[in-house]
Amino acid sequence: MKHSLHNSPHASPPTELTPLRQQRDYRLLWTARTISITGSEVSKLAIPLTAITLLTASPSQMGLLTAAASVPALLFGLQSGAIADRLTRHRPLMIACELVSCAAAATIPIAWLLGVLNVVWLIVVALVIGTASVLFKAANFPHVVAVVAPEQRTEAIAGFHASYSVASVAGPGLAGLLVQILTAPLAILAEALSFLTSAFLLRSIRKPEKNTPATSHGMWRDVMAGLKTSVTHPVLRALLAAGVTINFFAMAYTAVYMLYMLNTLNIPKGLIGVLTALSGIGGLLGAWITARLSKNHGETRILLIAVLFFPIEILAVGLLTGPLWWKLSLLALTSTITGGIIVAFATCMGTITMRVSPPELRARVNATTTFAVQGVLALGGLTGGFLGESLGLRPTILICAAGIALSTLWLWTSPLRPHHPKPTPLEPASKPQSPTPSTDSSAPATRSLTPSTDSSDSATQSLAASTDHLNSAVRSFTTSADHLGTPVRPFDTSADHLINVKRHSWP
């Protein structure tokens, strides 16, 4: 089934489908992710506390432990997408990843009780769980296609992002309670149990998978095919570039955020946590609103509007002055709005990426996105720290706001832009360089991206005989693709991993 880039309100109404909340398999998948992510939030507090309080870890050891969580995404991120695209069924790999993570997490309290736990053990466990997580995410993205109907994928992805918001609100509080009651090593058992529960729920999904595995030409060529598609397809390129821009400047902002809040704005430490929780609540509202607005207005419009609001919170923080009550009121409002905007943007990006990516390259496109986002975070953090030292905190924050605003240019100068000038009758419309590929087509990626001249002429003649409304829409898209002309070189945005500027990690 062909999907247009813009969801037209004049399109024929979709067939009535069972609401997602009533679909057993989706409920199992959503619950599995929510439980697993909440367990991971517990370990984010429990593992560092174990290293510091029980193992007296040095600063360098803590640095290695922190880095171990993100290293697997850089080492295996691209390969994981190629592996997932080769699979006929994705669910067995997802279950195996959860079971491996469960076993790895369970070794920490066991080793502590036996008196053999050390920092190296924690680092190895972090590497194992991180690698399993990379493989899981690579398989989970195309697996959604098997569980959810195309018309409901926006709502489904919004539900997954709501899981991150739930975890961001409930996870830290639960972690603190468990550490207080059980001590830090035993609290990590909660993460092990969450992985085990997730595996059991995934195993209970009944819907069969019907994935056609991509033909493999070797790991390197498979990886390069995903990279090429991500940077040559005009829509995927725009999403990738916008996401990397947002993540780079958001991480630069995160590097100086805490210092600025405490030392410049004089915000009490305890209230910073409240602002973080408000961002999570905003994410829940954003998921709920996005799922409903997309049915009438389409994901593309929501994405283009959401990106305009990204700089608002950072700009407000950079310009904020006045009494404490005014600062807290404005920060609470902008934190809530930003949480919702982040989820709305990521949800719509995920749906569009899933729709325009060739089916045999879905996992690799998503893996490329994840890889680019993870890679740019460290660079953004270093840049933020350097600018803070050389220019000061407030100028750095204002630069970050301006930088994030640049992401608007990537999207509003791409074929995603809804309104383009219509070619005059005297001038024949130029042929689009990159027509939107079909989500459910099994044609090779090269066909989707570079159709032959003959097929383009045939398509143009066929469309000329259709209604005036459809003809106008096709010409508008043709012009927008032609306007893109020579593309700029960018990298990625992840539907699952855009950075939350308040939480140091994005869904």
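Since the model is a prediction, treat every value here as computed from it, not as a measurement. Note that residues are indexed from 1 along each chain, following the sequence as it is written. For a predicted model such as this one, the threshold for reporting local features is a pLDDT of at least 70, and the threshold for listing and counting side-chain atom pairs is 80 or more; totals across whole chains, interfaces and linings nevertheless cover every residue. The basis for the side-chain values is all heavy atoms of the structure; hydrogens and waters are excluded.

Participant: Would you explain a nonpolar patch on the surface in this entry?
Facilitator: A surface patch of nonpolar side chains, about 530 Å² in accessible area, is lined by V169, I281, L285, W288, I289 and L293. Here the element with the most residues in the nonpolar patch is helix α11 (residues 269-308); it accounts for 5 residues. Numbering of helices and strands starts at the N terminus; helices are DSSP runs of H or I of at least 4 residues and strands are runs of E of at least 2. By the element assignment, V169 lies in helix α6 (residues 153-182). For V169, a relative accessible area of 36% puts it in the partly exposed group. The residues that make up patches have over 30% relative accessible area and no salt bridge, and they are joined within 9 Å when like-charged or within 5 Å when they are Val, Leu, Ile, Met, Phe, Trp or Tyr. The protein chains shown are the only cover counted for residues, whose accessible areas, like all others here, come from Shrake-Rupley with a 1.4 Å probe. Definition used for salt bridges: Asp or Glu carboxyl oxygen within 4 Å of a side-chain nitrogen of Lys or Arg. Partly exposed describes any residue whose relative accessible area lies between the buried limit of under 20% and the exposed limit of over 50%, with all areas from a 1.4 Å probe on protein chains only and scaled to the type maximum.

Participant: I keep staring at the nonpolar core and nothing clicks. Help me out?
Facilitator: Looking at soluble globular proteins, one finds that nonpolar side chains tend to be buried together. Each nonpolar core is a collection of buried residues, namely Ala, Val, Leu, Ile, Met, Phe, Trp, Tyr and Cys, held together in the definition by side-chain atoms within 4.5 Å. The biggest cluster of nonpolar side chains holds 49 residues, and the ones touching the most others in it are L239, M261, L303, F310, F345, L411 and L416. Of the residues forming this core, the biggest block, 17 residues, is contributed by helix α10 (residues 234-264). By size, the runner-up hydrophobic cluster in this structure holds 29 residues, among which are I47, A126, I129 and A187.

Participant: Just checking my understanding: could you explain the side chain of T245 for this structure?
Facilitator: Within the secondary structure, T245 sits in helix α10. Contacts between residues were defined by any pair of non-hydrogen atoms, one from each residue, lying within 4.5 Å. Here T245 is in contact with G403, L406, S407 and W410, once residues within four sequence places are set aside.

Participant: How should I be thinking about the packing of α10 against helix α14 (residues 362-391) in this particular structure?
Facilitator: Axis angle and axis distance: for two packed helices, these are the angle between their axes and the distance between the axes, and together they describe the pair. Convention adopted: a line fitted to C-alpha atoms gives each axis, helices being fitted over their contacting stretch, and angles between N-to-C directions are expressed from 0 to 180 degrees. The contact between α10 and α14 brings their axes to 7 Å, and the two run at 35°. Relative to α14, the crossing made by α10 is right-handed. Residue classes in the contact of α10 with α14 are distributed as 14 nonpolar, 8 polar and no charged. For any pair of crossing helices, the crossing counts as left-handed if the nearer helix is rotated counterclockwise from the farther one by less than a right angle, and right-handed if it is rotated clockwise. Residues are sorted three ways: Asp, Glu, Lys and Arg are charged, Ala, Val, Leu, Ile, Met, Phe, Trp, Tyr, Cys and Pro are nonpolar, and all the rest, Gly among them, are polar.

Participant: I would appreciate a short explanation of helix α15 (residues 393-405) in the present structure.
Facilitator: At 3.6 residues per turn, the α-helix brings residues three or four places apart onto the same side. The end-to-end C-alpha distance of α15 is 19 Å, a good match for the 18 Å that 13 residues give at a rise of 1.5 Å each. Inspection of α15 places T396, I397, C400, A401, G403 and I404 among the buried residues, and these make up the whole buried set. Buried positions in α15, seen along its axis, are confined to an arc of 165° and lie on one side of it. Here the expected length of a helix is defined as 1.5 Å per residue gap, with one fewer gap than residues. Read the arc as the range of directions from the helix axis to the C-beta atoms.

Function cannot be read off these values alone, since they describe shape.
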